[in-house]
Amino acid sequence: MQPLGEQQSGLGNLFAQVGSLMSAQASGQVSMPDPVVKAMQQILGLRLNTVQKPTAAGLQQAVRHSGQFREANLALPGQGSSAGQGDLKSVLLSFRSILQQFGSKGQVTRPASQPSVPTLQGPPQAQAQQAASGFWTGAAPQNLQSLLKETDAALARMRMTQLVNSGLAGDDRQKLGTRPMDIVLELPLSLGQETAVMQMQVGRDGSGQEEGDEDEQAWRLRFALDLTATGPLEAAVSLRGGGTFVSLWVDRKETFDNLNSVRESVEASFADAGLDLQEFRLVRGLPPRTAAKYGALIDRQS
């Protein structure tokens, strides 16, 4: 975990770099090798499309392609090497090989900005949406080297998240009095020409372990998102006994007022989806978090 924690960076950095280079390639400002361009198109194609109304099937596919299940799929009996293809981690590993074929060299670096380590104990952590990234004009090899750097950082992030999900990360943070979530993952979202990253946690509670207990199944879902247009958002959704309970925290006042003005439409959308909405809480501000004790450990000599 320690080297991965030093090398990792948010997925948004990679998608911002890829998006900028794809736009520059289309306008003739840069010249990238065809295999690299095709690989970048494949990477952008794995984002959850939000231009059209997201569907349950689309979200399910995005979760399957998040890269968190690559090795699990490869380990299934009777599955060949093709079982792990098509997900984000497999695509990034292939992309890394392509970049190295064109002369890029992997370097161990520590990114300037690093998101918090994923956790199953605490709430999800939003990552600020990344603006368009810079590039070098022409066929500069620096573009390929920059892509490899961001790819390595994104792969380190995904591997670290997989360790957290497997219980091997030593996530010994203070428990919040509730059962830990079962899985945490990050999904890239397509917002026009830009990309946002949503961190999502899913967990199962209570009974429902036996057949016939479907009415008693309880599921929890939490997600965090930080968009340029809306500011930070956090949501908690519970499905218990056939009822749906939703809490939505909004940091920015303008976004809160906009959502509050269409509250009835939001509530009606649950009924349209066949969900029995028992409670919908719209809260201004984000949930409180444990305050960090800054300055507790200081190396005075350095």
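Numbers given for residues are sequential positions, taken from 1 along each chain in its written order. Given that the model is predicted, a residue must reach a pLDDT of at least 70 before its local features are reported, and side-chain atom pairs must reach 80 or more before they are shown or counted; all residues, however, enter totals for whole chains, interfaces and linings. Water and hydrogen atoms were dropped before computing side-chain values, which therefore reflect all heavy atoms in the structure.

S.K.: Mind showing me how you'd approach the overall build of the chain here?
M.R.: Summing up its helical and strand segments, the chain has nine helices and seven strands in all. Sorting the 302 residues of the chain into buried and exposed places 40% on the buried side. Contacts spanning at least 24 positions in sequence make up 66% of the contacts within the chain whose residues lie at least 6 apart. Split by element, the accessible area of the chain, about 16900 Å² in all, is 50% carbon and sulfur. Helical segments are the DSSP runs of H or I of at least four residues, strand segments are the runs of E of at least two, and each set is numbered from the N terminus. Only protein chains enter the accessibility calculation, which uses a 1.4 Å probe; a residue whose area is less than 20% of its type maximum is buried, one above 50% is exposed, and one in between is partly exposed. Residue contacts are defined here by distance: any two heavy atoms, one from each residue, within 4.5 Å place the two residues in contact. Only the protein chains shown count as cover for residues, and the accessible areas themselves come from Shrake-Rupley with a 1.4 Å probe.

S.K.: Just checking my understanding: could you explain the pattern of salt bridges for this structure?
M.R.: It is possible for side chains bearing opposite charge to pair when their charged atoms get close. A carboxyl oxygen of Asp or Glu within 4 Å of a side-chain nitrogen of Lys or Arg is what we treat as a salt bridge. All chains considered together, the criterion is met by seven salt bridges. Residue glutamate 186 pairs with arginine 157 through a salt bridge whose shortest N-O separation is 2.6 Å. Within this pair, whereas glutamate 186 is found in strand S2 (residues 183–191), its partner arginine 157 is found in helix H7 (residues 141–166), the two being separated by 29 residues in sequence. Judged by its relative accessible area of 6%, glutamate 186 is buried. Note that glutamate 267 is salt-bridged to arginine 263, the shortest N-O span being 3.2 Å. With glutamate 267 and arginine 263 both in helix H9 (residues 263–272), this residue pair falls four residues apart, about one helical turn. A single network of salt bridges, built from pairs that share partners, joins Arg70, Glu71 and Lys89.

S.K.: What's the story with the packing of aromatic side chains in this structure? I'm lost.
M.R.: Given two aromatic rings, one states the distance between the centres and the angle between the planes to describe the pair. Note on ring pairs: Phe, Tyr and Trp rings are taken, using the six-membered ring of Trp, and paired if centres are within 6.5 Å. Classes follow the plane angle, with under 30 degrees stacked, over 60 edge-to-face and the rest tilted. Within this structure, the stated rule accounts for one aromatic pair. Their ring planes at 50 degrees and their centres at 6.5 Å tell us that phenylalanine 270 and phenylalanine 280 sit as a pair that is tilted. Here phenylalanine 280 lies in strand S7 (residues 276–284) and phenylalanine 270 lies in helix H9, a separation of ten residues in the sequence. Judged on exposure class, the residue phenylalanine 270 and its partner phenylalanine 280 are both buried. Think of it as a cone above the ring: NZ of Lys or CZ of Arg counts as a charge over the ring if it is within 6 Å of the ring centre and within 35 degrees of the ring normal. If you follow arginine 240 out to its NZ or CZ, it ends over the ring of phenylalanine 245, 4.0 Å from the centre.

S.K.: Would you mind showing me how to read the pairing of S2 here?
M.R.: Along any regular strand the residues' side chains alternate between the sheet's two faces. Within S2, eight of the nine residues are buried, which leaves the element mostly enclosed by the surrounding structure. Here, strands pair whenever DSSP counts at least two bridges between them. The antiparallel hairpin formed by S2 and strand S3 (residues 194–205) contains two residues in its connecting segment, where glycine 192 sits at a positive phi of about 65 degrees.

S.K.: Would you mind showing me how to read the packing of helix H6 (residues 88–101) against H7 here?
M.R.: When two helices pack together, their arrangement is given by the angle between their axes and by how far apart the axes lie. One way to put it is that H6 packs onto H7 with a least axis distance of 10 Å and a crossing angle of 150 degrees. As far as their axial angle goes, H7 and H6 are roughly antiparallel. Crossing angle aside, the handedness with which H6 passes H7 is left-handed. For the pair H6 and H7, the contacting residues are Leu88, Lys89, Leu92, Leu93, Phe95, Arg96, Leu99 and Gln100 in the first and Leu144, Leu147, Leu148, Thr151, Asp152, Ala154, Leu155, Met158, Arg159 and Gln162 in the second. Three residue categories are used. Nonpolar comprises Ala, Val, Leu, Ile, Met, Phe, Trp, Tyr, Cys and Pro, charged comprises Asp, Glu, Lys and Arg, and polar comprises the others, including Gly. Looking at the contact of H6 with H7 residue by residue, the classes come out as eleven nonpolar, three polar and four charged. For helices, the fitted axis covers only the stretch in contact; all axes are lines through C-alpha atoms, and the angles between them, taken along N-to-C directions, range from 0 to 180 degrees. Here the angle decides the label: under 35 degrees means roughly parallel, over 145 means roughly antiparallel, 65 to 115 means roughly perpendicular, and every other value means oblique. Note on convention: the crossing is left-handed when the near helix lies turned anticlockwise from the far helix by less than a right angle, right-handed when the turn is clockwise.

S.K.: What should I look at first to understand a nonpolar patch on the surface in this one?
M.R.: Each patch is built from salt-bridge-free residues with over 30% relative accessible area, joining like charges within 9 Å and nonpolar side chains (Val, Leu, Ile, Met, Phe, Trp, Tyr) within 5 Å. A surface patch of nonpolar side chains, about 240 Å² in accessible area, is lined by Trp219, Leu239 and Leu275. Relative to the elements of secondary structure, leucine 239 occurs in strand S5 (residues 231–240).

S.K.: How should I be thinking about the sheet that holds S5 in this particular structure?
M.R.: The seven strands lie next to each other as S1-S2-S3-S4-S5-S6-S7, forming an open sheet whose pairing is mixed. Either end of the sheet is taken by a strand with one partner, and the two such strands are strand S1 (48–49) and S7. Here S1 pairs with S2 via two bridges, running parallel. Its bridge partner being in S2, leucine 48 is matched across the sheet by leucine 189. Taken strand by strand, H9 contacts strand S6 (243–250) and S7, and its axis lies near 145 degrees from that of S7.

S.K.: I would appreciate a short explanation of the confidence of the model for the chain in the present structure.
M.R.: Close inspection of predicted coordinates is inappropriate in any region flagged by low pLDDT. Within a predicted model, pLDDT stands for the predictor's per-residue confidence, ranging from 0 to 100. For the chain, per-residue confidence averages 86 on the pLDDT scale, and 87% of positions sit at 70 or higher. Across residues 291–302, where pLDDT falls below 50, the model places zero contacts with residues more than four positions away in sequence or in other chains.

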